[in-house]
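# Examining the three-dimensional arrangement
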Amino acid sequence: MFFAMSTVRVVSGRLFFESSHLIMLVALFLFAFDSVLAQGLKTDSMKIERVRVLMGDVLSRGRLSALDDLVSINYQSHYAVHNGAPAENNSLEDLRSHLEKRGRIANRVERIIADGDYVFAQVHYLADSGFGSGSGMIGGDVFRFGEDNKIHEHWLVRQPMYDSSEHQQLVFSGADISDKPTLPETLQANKNLVRQAFGTVWAQGRPDRVPAFFAEHYIQHNPYIASGAEHLQKMIALKVVPYIQIEKQDYPLDVLHIGAQGDFVFLHLETVLYNQATRSESKVQSFEIVRVNSERKLAEHWDILQIEGVPFTDLRSFY
């Protein structure tokens, strides 16, 4: 009996030791994972803060001395070709010269995220800078950071702000981006979902697949496009399907950049506007924001469209 009891104690002790060891290993793994996630969030926050300094101190307040700390000497900007467009900036000195000539660029960052080396920003370039008509310009900006934590490249999309105050409110209204930590696999799944939705519904012209990807009460922040999945189905059938039938190919849709934070996905696209009567295409640079809901469907959408060849009355926000 004593021998049997001793054996049980030893075995139980061993089991207890092994269980404790396993718990310790799991705890260490979770601590390491949380540390990596926290470091990633810290790096993303730093990049976002540097873009906010560029927008606030440099553009809005004209403090050009801050450029040296924020922007690489090899800075390069990219934007759609249009009538009267200024030359793209191909260095820090080009950018400095451009901003000296153009003056302050008043703006307000509406939504901003960071993903890896990239920062995506939805920006309102305000009317008191003289942009466009009505209340300024709607801007989509993508910044790429280098290992030196400076901005190396900048892609931009611009669209004149709508004249109607109701339309202006709609453009920037809606859900806010959460700063709550999100698992990397969730962010990647959101990006994959949005890619698949755009590729299937738009590029392949499949209005029948809208319910699989979009929430029934899908919210649209473009004042000329109605909300709701049913209306989206009608728009795809009317605008996209004829292109595929006539041209015998998928609707052009090229994802240039994509990033995610929380339940938001930001995209920079290249696509076309199609004229069925003349069978002509106009190239378009597009900046899209999508919110994914808890049911894994696209629930809300913002967009900025810039048609190549269409001139603007003021070019200061092209930097």
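Preceding this section is the structure that the text describes.
### Looking at the overall build of the protein
- Secondary structure assignment for the protein yields 7 helices and 10 strands.
- Burial statistics for the protein: of 319 residues in total, 46% are counted as buried.
- The contacts in the protein between residues at least 6 apart in sequence include a share of 59% that link residues at least 24 apart.
- Of the accessible surface of the protein, which amounts to about 16300 Å², a share of 55% is contributed by carbon and sulfur atoms.

### Quick look at the nonpolar core
- One finds V51, M55, V58, L67, L99, F143 and Y319 to be the most contacted residues of the largest nonpolar core, which totals 33 residues.
- Listing elements by their share of this core, those giving two or more residues are α1 (2-60), α2 (67-70), β1 (71-78), α3 (92-102), β2 (107-115), β3 (118-125), β4 (137-145) and β5 (151-160).
- Ignoring anything within four residues of it in the chain, the contact list for V51 reads I112, V119, F143, F145 and I151.
- The next biggest cluster of nonpolar side chains, apart from the first, holds 30 residues, and it includes V201, Y218, I236 and Y251.

### A closer look at the sheet that holds β2
- If you walk across this open sheet you meet the 5 strands as β1-β5-β4-β3-β2, and the pairing is mixed. Of all the strands in the sheet, just β1 and β2 have a single pairing partner and so form its edges. Sheet twist, expressed as the average angle between the axes of neighbouring strands with direction ignored, equals 20°.
- Where β3 lies against β4, 8 bridges are found, and the strand directions are antiparallel. Among the inter-strand pairings, V119 is bridged to a residue of β4, identified as F143.

### Here we look at the layout of surface pockets
- One number sums up the size of the largest pocket: a volume of about 880 Å³.
- Around the largest pocket sit 35 residues that line it, and N222, I225, L273, D303 and L305 are the ones nearest its centre.
- Split by residue class, the lining of the largest pocket holds 23 nonpolar, 8 polar and 4 charged.

### Considering α3
- For α3, the full list of buried residues reads L92, L95, R96, H98 and L99. Along the axis of α3, the buried residues cluster in a sector spanning 160°; they form a single face. Exposed residues on α3 whose side chains face more than 90 degrees from its buried face are E100 and K101.
- Looking one or two places after α3, you find G103, whose phi comes out positive at around 85°.

### Side note on the pairing of strand β10 (residues 298-307)
- Counted residue by residue, β10 has 8 buried out of 10 residues, so it is predominantly covered.
- One ladder, built from 3 bridges, connects strand β6 (residues 214-220) with β10; its direction is parallel. The residue bridging F214 from the neighbouring strand is L298, located in β10.
- Both strand β9 (residues 280-292) and β10 contribute to a ladder of 9 bridges, which runs antiparallel. Residue pairing for β10: I289 is matched across the bridge by W302.
- Hairpin connection from β9 to β10: 5 residues lie between these consecutive antiparallel strands, with R296 at a positive phi of about 65°.

### Focus on the sheet that holds strand β7 (residues 253-261)
- Strands sit in the order β6-β10-β9-β8-β7 across an open sheet of 5 strands; the sheet is mixed. On the outer flanks of this sheet lie β6 and β7, each paired with one strand and no other. The mean angle between the axes of side-by-side strands here comes to 30°, regardless of whether they run parallel or antiparallel.
- Sheet topology places β7 next to strand β8 (residues 264-275); 8 bridges connect them, and they run antiparallel. Note that in β8 the partner of I258 across the bridge is L267.
- Here helix α5 (residues 184-203) sits on the sheet in contact with β6, β7, β8, β9 and β10, set at roughly 150° to β7.

Scoring rules and cut-offs
- Residues numbered from 1 in each chain as written.
- Predicted model: local features only at pLDDT ≥ 70, side-chain atom pairs only at ≥ 80, totals over all residues.
- Heavy atoms only, no water.
- Helix = DSSP H or I, 4+ residues; strand = E, 2+ residues; numbered from the N terminus.
- Buried < 20%, exposed > 50% of the residue type's maximum accessible area, 1.4 Å probe, protein only.
- Contact = heavy atoms within 4.5 Å.
- Areas by Shrake-Rupley, 256 points an atom, 1.4 Å probe, with all protein chains shown as cover.
- Core = buried A, V, L, I, M, F, W, Y, C linked by side-chain atoms within 4.5 Å.
- Pairing = 2+ DSSP bridges.
- Axes fitted to C-alpha atoms, helices over the stretch in contact; angles between N-to-C directions.
- 1 Å grid on protein atoms, 1.4 Å probe; cavity = no way out; pocket = protein on both sides within 12 Å on 5 of 7 lines; lining within 4 Å.
- Points joined across faces, edges and corners; volume = space filled by probe spheres on them.
- Nonpolar A, V, L, I, M, F, W, Y, C, P; charged D, E, K, R; others polar.
- Arc of directions from axis to C-beta.

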